[in-house]
Every structure is written in C-alpha cells, then in structure tokens.
Amino acid sequence: MPRYKIHYTADIWETVIVEAENKKKAQLLFETHDDDYFEAREDEPDQMGMENIKVDIVEELK
C-alpha cells in the first residue's frame, strides 16, 4: 500500500514534563527549546488535541 507524507499547519495543544528547579526555570527551558530543554524533558510531548488544520502538500513516498 502506498505511503504519503502530509505537510500541514495546525493549532495544537500539548503537555510535556520538564525537570527544573522551579516553575519559572521550567517555562524558560520550554520557551528556549535548546539542548538543556531536551535534557530536562522526561519524554515526548503528549498531544491533547488539534484544530484549524490546513493541509499544504501531500506527497507519495517511494
């Protein structure tokens, strides 16, 4: 069966668990999204929902 890569934009809401000294540091790590954030993050973000989906491109993978 063929496979397709779908490029899209959407409004999403997610949660992520980050280890930090306090709330302010956790927010700063998240907003910066640098190497420190990825080290402090426990797992992949958990997507809670998505809306306003707009498909830009659908391409078949060979």
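**Regarding the packing of aromatic side chains**
The geometry of an aromatic ring pair is captured by the separation of the ring centres together with the interplanar angle, meaning the angle of the planes.
Move 1: Taken as a whole, this structure holds two aromatic pairs when the rule is applied.
Move 2: A centroid spacing of 5.9 Å and a plane angle of 75 degrees characterise the contact between Phe30 and Tyr37, whose relative ring orientation is edge-to-face.
Move 3: A residue is classified by how much of its surface remains accessible, and Phe30, at 40% relative accessible area, is partly exposed.
Move 4: Look at Tyr37 and you get buried, because its relative accessible area is 1%.
Move 5: Through a chain of ring-to-ring contacts, the aromatic side chains of Phe30, Tyr37 and Phe38 assemble into a single cluster.

**Remarks on unusual backbone geometry**
Move 1: Although it is not a glycine, His33 adopts a positive phi angle of roughly 55 degrees.
Move 2: Checked against the element boundaries, His33 lands in the loop between α1 (23–32) and α2 (35–40).
Move 3: Notably, Asn52 is not glycine yet its phi reads approximately 55 degrees, a positive angle.
Move 4: In this fold, Asn52 is placed in strand β2 (residues 46–61).
Move 5: Residue Asn52 is classed as exposed on the basis of its relative accessible area, which comes to 53%.

**As for the pattern of salt bridges**
Move 1: This structure, assessed with the given rule, holds two salt bridges.
Move 2: Two residues, Glu44 and Arg41, come together in a salt bridge whose shortest N-O distance is 2.9 Å.
Move 3: Judged by its relative accessible area of 56%, Glu44 falls in the exposed class.
Move 4: Of the charged contacts in the structure, one is a salt bridge between Asp56 and Lys54, with a shortest N-O distance of 3.1 Å.

**Observations regarding the environment of Met1**
Move 1: Along the polypeptide, Met1 turns up in the segment before β1 (3–15).
Move 2: Sequence separation between Met1 and Asp43 is 42 residues, and the spatial gap between their C-alpha atoms is 31 Å.

**So, the side chain of Arg41**
Move 1: For Arg41, the location among the structural elements is in the loop between α2 and β2.
Move 2: In this structure Arg41 comes out as buried when scored by relative accessible area, which is 17%.
Move 3: Here Asp43 takes part through its backbone oxygen, which lies 3.0 Å from a polar atom of the side chain of Arg41.
Move 4: One polar contact links Arg41 to Glu44, side chain to side chain, over a distance of 2.9 Å.

What counts as what
- Think of each chain on its own: its residues are numbered from 1, step by step along the sequence as written.
- Owing to the predicted nature of the model, reporting of local features is limited to residues with pLDDT of at least 70; listing and counting of side-chain atom pairs is limited to 80 or more, with chain, interface and lining totals taken over all residues.
- The side-chain figures draw on all heavy atoms in the structure; neither hydrogens nor water molecules are used.
- Two aromatic rings from Phe, Tyr or Trp, using only the six-membered ring of Trp, form a pair when their centres are within 6.5 Å; if the ring planes differ by under 30 degrees the pair is stacked, by over 60 it is edge-to-face, and anything between is tilted.
- A 1.4 Å probe rolled over the protein chains alone gives each residue an accessible area, and that area as a share of the maximum for its type sets the label: buried under 20%, exposed over 50%, partly exposed in between.
- Under the DSSP-based scheme used, a helix requires at least four consecutive residues in state H or I and a strand at least two consecutive residues in state E, with every element numbered from the N terminus.
- Salt bridge, as applied in this entry: a Lys or Arg side-chain nitrogen positioned within 4 Å of an Asp or Glu carboxyl oxygen.
- Nitrogen and oxygen atoms within 3.5 Å of one another constitute a polar contact, given that in protein one can donate a hydrogen and the other can accept it, and given that sequence-neighbouring residues count only through two side-chain atoms.

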